[in-house]
Structure formats: C-alpha cells, structure tokens
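Close look at the chain arrangement
If you want the building blocks of each chain, they are given just below.
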Amino acid sequence: MVRAENGTLAGVLEGTRITPQARAVIGISVRDAQFAFFERVRGHGLANATNIDTWRKPYPQNWYEVRIGDPRGQILLQVNSQTKRIATQFWIGDDKDLYAKLRAQRGAIEADLGFDLEWDERPDRKASKLTISRSGDFQDETQSQELVEWLVATGDAFAGVLSKYLGTAEGSLEILMPQVHGQELANAIAPVRQDLTEITQSSAVAKAVEEFRALGRDAFLKRHGQHPSSRYFADVDGLHIDSKPLLSVAYGYQYPDRGPLAVRDFSGGAETRRALRRFGYELVEVPAPSAGSAIYYGEVPECPAGTVFKDRREAYDAGVHRTTQADIAGQADGTQSICLSDGYSDVKVQGDLITYTGFGGRDANTGRHIADQKLEKGNLGLVENYKLGRPVRILVKESVLTGKRSDTAHLYLGLFTVAGWSWGERDEYRVLIYQLRAVAGDSLVPGDVADALVRGEDLPTQRRSSSVNRIVRNFDVAASVKRLYDNTCQICGTRLLTAAGPYSEGAHIRPLGVPHNGPDTLENILCLCPNCHALFDGRALTVQPDRTVLKLGEPIGKLTASAEHRLNFEHLAYQLEISRAKADHATTPTTARSEK
C-alpha cells in the first residue's frame, strides 16, 4: 500500500493522476480511493460552500453525510465504482408526511435548485429520498476534480433551498426556529449532535445484544448498515460485539423516531467505554473477526425448519451450515450445525432420534474408518453443546433419507439437542457416537420426513404450537460463568474432570420459568457441580445475601464469588424466600393448612 509521509493516502493522490489500472498495480483499494476522494470533497466544501458550515471527517465508504440542522433528513453525497455514477441525495427518515408536503411544492423547489430531481417515495420503506445523479468515475483522475465540484455545488444547493422548505413544510420557519440572538442563535442552527448519554434504557441495549446473538455478526451489521469494528468490542459475557454499532442500534431501539445513532458522531474511546459500563459491559481490544466468520447458535432468522436448498452453497449463504465442505461447523467450545451426507452407514434415523458418528478417521473415497477419531474441534464442540444443553442445527442431504443417490437437494430439519454421547467402535477403530433429539416446536421429525419423501408426499408440518411459551436460554451466559470459575463449584469447590475435559453446570438462582421469571444473565447464575446443582434446585442448599451457604437451614460455609461476577443479591434473597416457603409448606400439618 502506497502511503504519504503523514500516513494518509490523500497526500499521495493530491495533485496526482492515477488511472484505475495503476491503482490496481500499486494496491490502492476502492475503500482507500473513496476516502481520498471524499477528503477532496471536504476540502473543496470548506473552501467554497456557502450554505454548509460543517464538513465532517470522511470515512472509507461510498457516501459522505452532510447534516443541515434538521433531524428529519440529511444530505448524502454518493459515488458508485461499479455503475460509474455519482449522486446527491436528500434522505428523509420515517416521515412520509414531510415527503408529501415537499412533493406538493416540487415545481418551486426544482426552480430554486436550478435542476430537476428524482422523487422516490419508497412506499415499501420507511424512508424517502430526493436525488440528482450523473455519470462519472470518481477513480478516474481526469474526471475527479469536476465530480468533486459537482457534488459540493449540488449538496450546497440542497442545503440552501431545502432548509427553507423544511420550515414552510410545517407552516412557517418562525414556528420551527424562534427569534434568538448571539450564542443562542449559534446553538439553535448548529447541526443536531446525538449523545451516548441519551441511551438510558437497558432494555434497548439488551434488545440489540439479543439481535446480534440471533443474527450473527455479519447479518447484524448488514441489517443496520453498520461498519465492523477493527479493534474495540463490547465484552458481553464473553461474546465480543462491535462496540459502536451495538450502541448505535441500541439508540435506535430507544428512539425509533430518530433511528440508529450515527457512529461518526461519537468517540470510540472513553465515551464508548463509559456508555458500555453503565450497562455492565467492558470495552476490550481484540483482533477483528474475519469476514464471513459469523458464529451463532440456534434458529436462523427467516429460515424455518423444512426449508429446502438446492445445494450446500445455498445453505451456507442462508447461514444454516457455514461450511461447504466439512460435515461439522464448529470448534472445541461449541458446534453450530451438522450436515448429514450420504456415503456413510453411520447415520441412523429412528423417529425423532438421529444417531450420528463424529468426524475424522474415515477414508475419503470409501467412507470406511481407517483411524481412531479424536475428541477435538467440532467433536468436542458437540460435547460442549451436550453439557450446556445448547442446540445444534441439522442439515440433511435428501438422499440420506430416501436412499436415492439422485436426490441431491438439502433439507433443513431444524434444531436438535445432543441427548447423549459415548465412545464406540467402527471397523475396529474408536469413534464418537452422538444421540441427537429433535427439539419440539423447532424441528421436523426426521423419521416422518424420510417416510414422506419415500412415498412422494408433502413434508410433515413443523412441530410448532403458538399456545406454548418457550424459554429461550442464553447458552453463552452459562459458558461464561464456567470459564470464570474454571468449572469449579462455587459451593463445595469440586472440579470434575471427564474425558472431554472439566465439567460443571450453570445453576440459575431465580428460576427462569413462570411464576419466578428470573433473567438469563450472569448476575443470576452460579457455577456448580452436578450434586450441588441438584441440592440447590431442590432447595436443600440456599445462599444468603451475605454469601453464607445453608444446607437445610444450617450454615456450612461461604459462596465463592469472583470480583468479576456481579451477583444480584435480590435474586439470592428471592431464592431464600421461596426455599423457606417450600419448607414451611412441607412441614405444615394437613389440618392446619385446611384451616387456613
């Protein structure tokens, strides 16, 4: 990459003609070219614009935003390297009434501007837009200066003319802008700057976090038009979420009339760190995940069980199985999905139960086992799913169910739990055998699907009932508390070691189900061994708010608690209360209960 001494590409390009072919040779990307071009737009605007006072620092993207002091819309200067066109656009947010009032004055507005506009109401979207565009390759240095001047001129005209009509669209300019003087006037006409301190609802942040978990990183950023973080992330119980996009989307959830916060308007440093800490999260510096690396468990939005894909590539693009080659998409800390392929005799389908043999140890041509399998990578990830109760997505090649090699489509069966696992033997080699059980309401029964396909019938309907409210568990929370205590029981100090590594269980203090409605968060969960978990759920073990552990009412020690584990003592008090109530109920004579 060619760089100037001051570290900016703009310094290299300033006053230099570089053809697109030359850019490719010296390694200048389109994003770099966009940044350099909008640097020149900004410089020309600062020197020549009369209606736009603020020209923000540009970013390596195909548009540059100019605000005009009205939160209902903004000016976008755009370039397109593929169509070789540029455009100036006035983007109106969720305000169809404003668009209609401006549209009613189209003739006067276009006369004042001195050019015609493309009016796009976008009836299927919340936003509307007014656009003027022209041909032009911003990467061609023989054209670029003319294009810079055109964008600044049209953008400045938009700002001057539309500011007047934005006032009259509501009746009169005086109503929107009362008479003020001096510093008051400067404050009144300054562009509206949204502030992270305005994010006050933890529910808005939680909703953004939940959406990130459900969609995965790539789809989340794409849905909200956000750029990925390169270094700094919010640590949400061990899950790293792009920090500024998270806060931007949370702002939009709290203020739906304003939409997401513009990430260019707030700092990614101390300001973001303070905002995250208000909601119990820390800002951490980590390497950015690579493109296409979205890892998420559970359901795929807009892709229900029963979806048919023509091949593995379609399933990959939909996010169901994020690999086009391997049968397991996972790693040592968890497996997201499995593809059941033909050619192996190890897959058995019995009703809603699938018997699956792990990966590795097979001959690629014959499918026979030629080596022992290893408890690692996706194989170990399935064991982690078993320990956490975390589901795995199942994709199956149609031929596995029908027995016909010609059936090459792939069917998404939905979510399955790992009901059990063990070591077995195939062709005299050790293999891992897993029992996968269909999740009621979130899957098709593979046995029924196989019968229907063989008979040429329609697929059975998905087993979902709208009258059932399911508890959706956050499996990352349980994984986080286990990591925090290295799978050591907080009550008795036991650390169990199994063939798959250390084993512990996440125990909710305040139960999740009705009528308790406890939150699925780190402050409401303990790391316990199976014995203590059973005694804790059975109310034989309780924990007082001062962390004293009681066994059947008698103190036996103190609960181990890390400084990083912010327990909510209200949940401990609630658990103690329901334990006492259960004990009172169990010891109250029948006659006394009937008298009450």
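These figures come from a predicted structure and were not determined experimentally.

Reading guide: rules and limits
Residues numbered from 1 in each chain as written. Predicted model: local features only at pLDDT ≥ 70, side-chain atom pairs only at ≥ 80, totals over all residues. Heavy atoms only, no water. Helix = DSSP H or I, 4+ residues; strand = E, 2+ residues; numbered from the N terminus. Buried < 20%, exposed > 50% of the residue type's maximum accessible area, 1.4 Å probe, protein only. Contact = heavy atoms within 4.5 Å. Areas by Shrake-Rupley, 256 points an atom, 1.4 Å probe, with all protein chains shown as cover. Pairing = 2+ DSSP bridges. Axes fitted to C-alpha atoms, helices over the stretch in contact; angles between N-to-C directions. Phe/Tyr/Trp six-rings, centres within 6.5 Å; stacked < 30°, edge-to-face > 60°. Lys NZ or Arg CZ within 6 Å of the ring centre and 35° of its normal. pLDDT = per-residue confidence, 0-100. Salt bridge = Lys/Arg side-chain N within 4 Å of Asp/Glu carboxyl O. Parallel < 35°, antiparallel > 145°, perpendicular 65-115°, else oblique. Left-handed = near helix turned anticlockwise from the far one by under 90°. Nonpolar A, V, L, I, M, F, W, Y, C, P; charged D, E, K, R; others polar.

Counting secondary structure elements, the chain contains 20 helices and 23 strands. A total of 596 residues make up the chain; the buried ones form 46% of that total. Contacts spanning at least 24 positions in sequence make up 60% of the contacts within the chain whose residues lie at least 6 apart. Working note: accessible area of the chain is about 29800 Å², and carbon and sulfur atoms make up 49% of it.

For strand 11 (residues 334–340), a buried count of seven out of seven residues is recorded, marking the element as mostly surrounded by other parts of the structure. As defined by bridge partners, strand 10 (residues 328–331) adjoins strand 11 across four bridges and the pair is classed as antiparallel. Residue pairing across strands places Gly 330 opposite Thr 335, the latter belonging to strand 11. Here strand 10 folds back onto strand 11, and the loop between the two strands holds two residues. Direction of pairing for strand 11 relative to strand 14 (residues 392–397): parallel, over a ladder of four bridges. Within strand 14, the residue paired with Ile 338 across the bridge is Ile 394.

So, on to the sheet that holds strand 23 (residues 554–558). Spatial strand order, 21-22-23: three strands in an open sheet with antiparallel pairing. Where the open sheet ends on each side, the last strands, each with one partner, are strand 21 (541–543) and strand 23. The average angle at which neighbouring strand axes cross in this sheet is 30°, direction not considered. Bridging between strand 21 and strand 22 (residues 548–551) involves three bridges; their strand directions are antiparallel. Each residue of the ladder has a partner; that of Thr 542, found in strand 22, is Leu 550.

Glancing now at the packing of aromatic side chains. For the structure shown, the criterion picks out eight aromatic pairs. Arranged with centres 5.3 Å apart and planes meeting at 65°, the rings of Phe 212 and Phe 220 form a pair that is edge-to-face. With respect to class, Phe 212 is no different from Phe 220; both count as buried. Residues Tyr 251 and Tyr 255 carry aromatic rings whose centres are separated by 4.9 Å and whose planes lie at 45° to one another, so their mutual orientation is tilted. Like Tyr 251, the residue Tyr 255 is buried in the burial classification. Here the aromatic cluster, defined as three or more aromatic residues joined through ring pairs, consists of Phe 37, Phe 38, Trp 55, Tyr 64 and Phe 138. Here the guanidinium or amino end of Arg 322 rests over the ring plane of Tyr 316, the centre of that ring lying 4.5 Å away. Positioned above the aromatic ring of Tyr 503 is the side chain of Lys 482, whose terminal nitrogen or guanidinium carbon lies 5.9 Å from the ring centre.

The next point concerns the confidence of the model for the chain. A residue-level look at the chain finds 80% of positions with pLDDT of 70 or above and a mean pLDDT of 77. Every residue in residues 1–28 is under pLDDT 50, and counting partners more than four places away or in other chains gives 37 contacts. This model gives residues 288–293 a pLDDT under 50, and the stretch forms 10 contacts once residues within four places in sequence are excluded.

Below, the discussion takes up the pattern of salt bridges. Counted according to the given criterion, the structure contains 11 salt bridges. Put simply, Arg 437 and Asp 352 hold a salt bridge, and the shortest N to O gap is 3.0 Å. With Arg 437 in strand 16 (residues 429–443) and Asp 352 in the loop between strand 12 (348–350) and strand 13 (353–357), this pair connects stretches of sequence that are 85 residues apart. For Arg 437, a relative accessible area of 35% corresponds to the partly exposed category.

Right, let's talk about the sheet that holds strand 6 (residues 232–236) for a bit. Overall, antiparallel pairing links the three strands, which are arranged 7-6-8 in an open sheet. Sheet topology places strand 7 (239–242) and strand 8 (282–285) at the edges, where each strand pairs with a single neighbour. Looking at each pair of strands side by side, their axes are set apart by 45° on average, direction ignored. Bridge count for strand 6 against strand 8 is four bridges, and the pairing is antiparallel. Residue pairing for strand 8: Tyr 232 is matched across the bridge by Glu 285. Docked against the sheet, helix 9 (residues 202–215) engages strand 6 and strand 7, running at close to 105° with respect to strand 7. Across the sheet, helix 11 (residues 243–254) lies against strand 6, strand 7 and strand 8, angled at about 70° from strand 7, the strand it touches most.

Right, let's talk about the packing of helix 11 against helix 12 (residues 270–277) for a bit. Two elements in contact, helix 11 and helix 12, have axes whose closest approach is 11 Å; the angle formed by their N-to-C orientations is 60°. Taken together, helix 11 and helix 12 sit at an angle that is classed as oblique. With respect to the hand of their crossing, helix 11 and helix 12 are arranged in left-handed fashion. Side by side, helix 11 and helix 12 meet where Ser 243, Lys 244, Leu 246 and Leu 247 of the first sit next to Thr 272, Ala 275 and Leu 276 of the second. Residue composition of the contact of helix 11 with helix 12, by class: four nonpolar, two polar and one charged.

With that settled, the discussion passes to the environment of Ile 525. By the secondary structure assignment, Ile 525 is in strand 20 (residues 525–528). Judged by relative accessible area, which is 1%, Ile 525 ranks as buried. Taking the C-alpha atoms as reference points, Ile 525 and His 508, 17 residues apart in sequence, are found 4.4 Å from one another. Excluding residues that lie within four positions of it along the chain, Ile 525 makes contacts with Val 477, Ala 478, Val 481, Gly 506, Ala 507, His 508, Ile 509, His 565 and Leu 567.

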